[in-house]
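# Overview (structure and organization)
Residue strings, one per chain:
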Amino acid sequence: MDNREEVREFLTSRRARITPEQAGLPSGTRRRVPGLRRSEVAALADMSVEYYAKLERGSLAGVSPAVLEALARALRLDDAERAHLANLAQAADGSDALTRPRRRRTRDQWTPHRSLQWTLDAITAGPAFVRNGRMDVLAANRLFRAFYTDVYATPGNQHNLARFTFLDPASRRFYPDWDTFAGVAVAILRTEAGRNPHDKDLHDLVGELCTRSDEFRTRWGAHDVRHHGTGTKRFHHQAVGDLTLAYEGLEMAAAPGLTLTVYTAEPGSPSEEGLRLLASWAATQDADARKSSTPG
């Protein structure tokens, strides 16, 4: 993932989605491009057309915070997009202008401390797990493993939620709102690409998904990013049926870049009963597994 290309495509895609009317500009009748012209963005950001064209070609190295803010205002970026633009600029500053940065492999660099697993295991009312920006599941409680049984059932998923979403047909049953989940997964990966553009594992994952999934490739090209911290999602579990769960994603201060996510159900709701049934089902599955592994 070349930083200049990422910058160019991100800025171009943000410019293309803004209509002149949204920007308070006359629409005219002879527009060759969707959205705003470069000259219009430059005027809104109070910079020369030549300077904006340089930025859109991918040259963010050395750009001041004030320029980034002016650009964000002109392109009407939301908080997640502003953070992504800042990450792209930071990555540009960290790149050697004469040599291509070596992509780093990071999969094996973090192991959950045993106290983290104790913490996850202490959460018994809902699924809880830790993931990185590539959507690898790094640690989880028993209820999460029972909840996402399809992720663990298929070795090709490699405990990765993006790979599960786009490459495993079971995801379309598990996620009734599959399009929403697909968009979120791509946005999380795109955000991580801006934050850590030289991650070899991320590069390999995106390449695999682009090759094997037309739907991923189309969404990846949209350059959408988002903050994914809290909300409500719908699921359909093979053993307990439909569940509507709230989630909270907490950034881990002791391990930057990792997120602890906990799913919970509204007290007294059918989904809360569903989670209790899921816990019972998981206990039965564990007991059956122990019996089958016992000699004699």
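Coordinates for the structure precede this section.
In this text the structure is predicted, and so the values were computed from the model without any measurement.

This part is about the nonpolar core. Residues Phe 147, Tyr 148, Leu 189, Phe 216 and Phe 235 are the most contacted members of the largest nonpolar core, which totals 43 residues. Among the elements that take part in this core, helix α11 (residues 178-195) stands out by supplying nine residues, more than any other. Apart from residues no more than four positions distant in its own chain, Phe 216 is found in contact with Phe 166, Val 186, Leu 189, Val 206, Leu 209 and Cys 210.

Both faces of the sheet carry side chains from a regular strand, because those side chains alternate between them. For strand β5 (residues 259-264), the tally of buried residues reaches five of six residues, placing the bulk of the element in the interior. When strand β1 (residues 128-131) meets β5, the two strands line up antiparallel, connected through four bridges. Opposite Val 130, over in β5, you have Leu 260 as the bridge partner. Across six bridges, the pairing between strand β4 (residues 241-251) and β5 is antiparallel. Bridge assignment links Glu 251 to a residue of β5, and that residue is Thr 259.

Next up on the list: the pattern of salt bridges. Going through the model one piece at a time under the given rule, you end up with 22 salt bridges. Between Arg 37 and Glu 40 there is a salt bridge whose closest N-O contact spans 3.2 Å. With a relative accessible area of 34%, Arg 37 lands in the partly exposed category. In this structure, Arg 134 engages Asp 199 in a salt bridge whose closest nitrogen and oxygen atoms are separated by 2.6 Å. One end of the pair, Arg 134, is in the loop between β1 and β2 (137-140); the other, Asp 199, is in the loop between α11 and α12 (200-212), with 65 residues separating them in the sequence. Each member of the pair, Arg 134 as well as Asp 199, is classed as buried. One connected set of salt bridges, linked through shared partners, spans Arg 14, Arg 17, Glu 81 and Asp 224.

Criteria and cut-off values
- Residues numbered from 1 in each chain as written.
- Predicted model: local features only at pLDDT ≥ 70, side-chain atom pairs only at ≥ 80, totals over all residues.
- Heavy atoms only, no water.
- Core = buried A, V, L, I, M, F, W, Y, C linked by side-chain atoms within 4.5 Å.
- Buried < 20%, exposed > 50% of the residue type's maximum accessible area, 1.4 Å probe, protein only.
- Helix = DSSP H or I, 4+ residues; strand = E, 2+ residues; numbered from the N terminus.
- Contact = heavy atoms within 4.5 Å.
- Pairing = 2+ DSSP bridges.
- Salt bridge = Lys/Arg side-chain N within 4 Å of Asp/Glu carboxyl O.

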